[in-house]
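# Secondary and tertiary structure notes
Residue-level listing of the chains:
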Amino acid sequence: MTTTRETGAPAATGRPLPVPDETSAPYWEAAAEHRLVLARCSACTAFVILPDQLCPHCHSTAPGFAFEPVSGRGRVRSWTTVRQAFLPGFERLVPFVLVDVELAEQEELRMVGRLLDGPDAPVRLGAGVRVAFEDVAPGVAVPAFVLDGAA
Ligand SMILES: [Zn+2]
């Protein structure tokens, strides 16, 4: 397999790869193992998607965040069908459905990801989904979702 030197993206997908920083590294390390973890505020225990200097829930200024596993289950709050690839590597994937999911752990804890059930998936408001992972490069996986019939 050849790789693109500039981006490190594998020729197989050509998709841009996540660039973990100090804050997000635990998230991407877990994703590579197909586990979904989210940062949790040590002051109020709320989960947050992108830990900041300030907890958006309790406004604690130095809360400290620890990553904890979450169920990966949630409900579709909105969705869109992407028909044109705006990023390299997505040309072969369009059309695909992008879902905005409220995770079961907490109200308004929302993640956006690709729905892997195909462009004609019977997605609807409130549909149950669970996390799935797309392996986009060796050791790199990106969270996505699939419809969860059991939900
Ligand atoms: Zn907090």
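Predicted, not measured: the structure shown is a model, and the values here were computed from it.

## Considering the pattern of salt bridges
Taken as a whole and assessed by the stated rule, the structure comprises 10 salt bridges. Salt-bridge contacts for Arg-77 lead to Glu-108; the nearest nitrogen and oxygen are separated by 3.1 Å. Taken together, the residues span a long stretch of sequence, with Arg-77 in strand β4 (residues 73–82) and Glu-108 in the loop between β5 (96–103) and β6 (110–115) at a distance of 31 residues. Classification of Arg-77 as partly exposed rests on a relative accessible area of 33%. Among the ionic pairs, Asp-148 bridges to Arg-130, the shortest N-O distance being 4.0 Å. With Asp-148 in the segment after β8 (140–147) and Arg-130 in strand β7 (residues 128–137), the pair connects residues that are 18 residues apart, well separated along the chain.

## Digging into the pairing of β7
The buried fraction of β7 amounts to 8 of the 10 residues, a majority that puts the element mostly inside the structure. With 3 bridges joining them, β4 and β7 adopt antiparallel strand pairing. Among the inter-strand pairings, Arg-73 is bridged to a residue of β7, identified as Arg-130. Between β7 and β8, which pair antiparallel in sequence order, lie 2 residues; one of them, Gly-139, sits at a positive phi of approximately 75°.

## Let's talk about the coordination of the zinc ion
Taken together, Cys-41 (SG), Cys-44 (SG), Cys-55 (SG) and Cys-58 (SG) make up the full set of protein donors to the zinc ion, lying 2.3 to 2.4 Å away. Classification of the site at the zinc ion as tetrahedral follows from its 4 donor atoms and the range of 104 to 114° in their angles at the metal. Counting the intervening residues between successive donors of the zinc ion yields the motif C-x2-C-x10-C-x2-C. Of this pair, Cys-41 sits in strand β1 (residues 37–41) while Cys-55 sits in the loop between β2 (47–48) and β3 (65–69), and the two are 14 residues apart along the sequence. As far as burial versus exposure is concerned, Cys-41 and Cys-55 are alike and both buried.

## Details of the nonpolar core
Nonpolar side chains in soluble globular proteins tend to end up buried together. Core analysis: the largest hydrophobic core is formed by 23 residues, its most contacted members being Leu-36, Leu-38, Val-99, Leu-103, Leu-115, Val-129 and Phe-145. Among the secondary structure elements, those contributing two or more residues to this core are α1 (25–32), β5, β6, β7 and β8. For this core, the element with the highest residue contribution is β5, accounting for 4 residues. In this view, Val-99 contacts Val-76, Ser-78, Trp-79, Met-111, Val-112, Gly-113, Leu-115, Val-123 and Phe-145; residues no more than four positions away in its chain are not counted.

What counts as what
Residues numbered from 1 in each chain as written. Predicted model: local features only at pLDDT ≥ 70, side-chain atom pairs only at ≥ 80, totals over all residues. Heavy atoms only, no water. Salt bridge = Lys/Arg side-chain N within 4 Å of Asp/Glu carboxyl O. Helix = DSSP H or I, 4+ residues; strand = E, 2+ residues; numbered from the N terminus. Buried < 20%, exposed > 50% of the residue type's maximum accessible area, 1.4 Å probe, protein only. Pairing = 2+ DSSP bridges. Donors = N, O, S within 2.8 Å, 3.2 Å for Na, K, Ca; no water. Tetrahedral: all angles 85-135°; square planar, octahedral: opposite > 155°, others 65-115°. Core = buried A, V, L, I, M, F, W, Y, C linked by side-chain atoms within 4.5 Å. Contact = heavy atoms within 4.5 Å.

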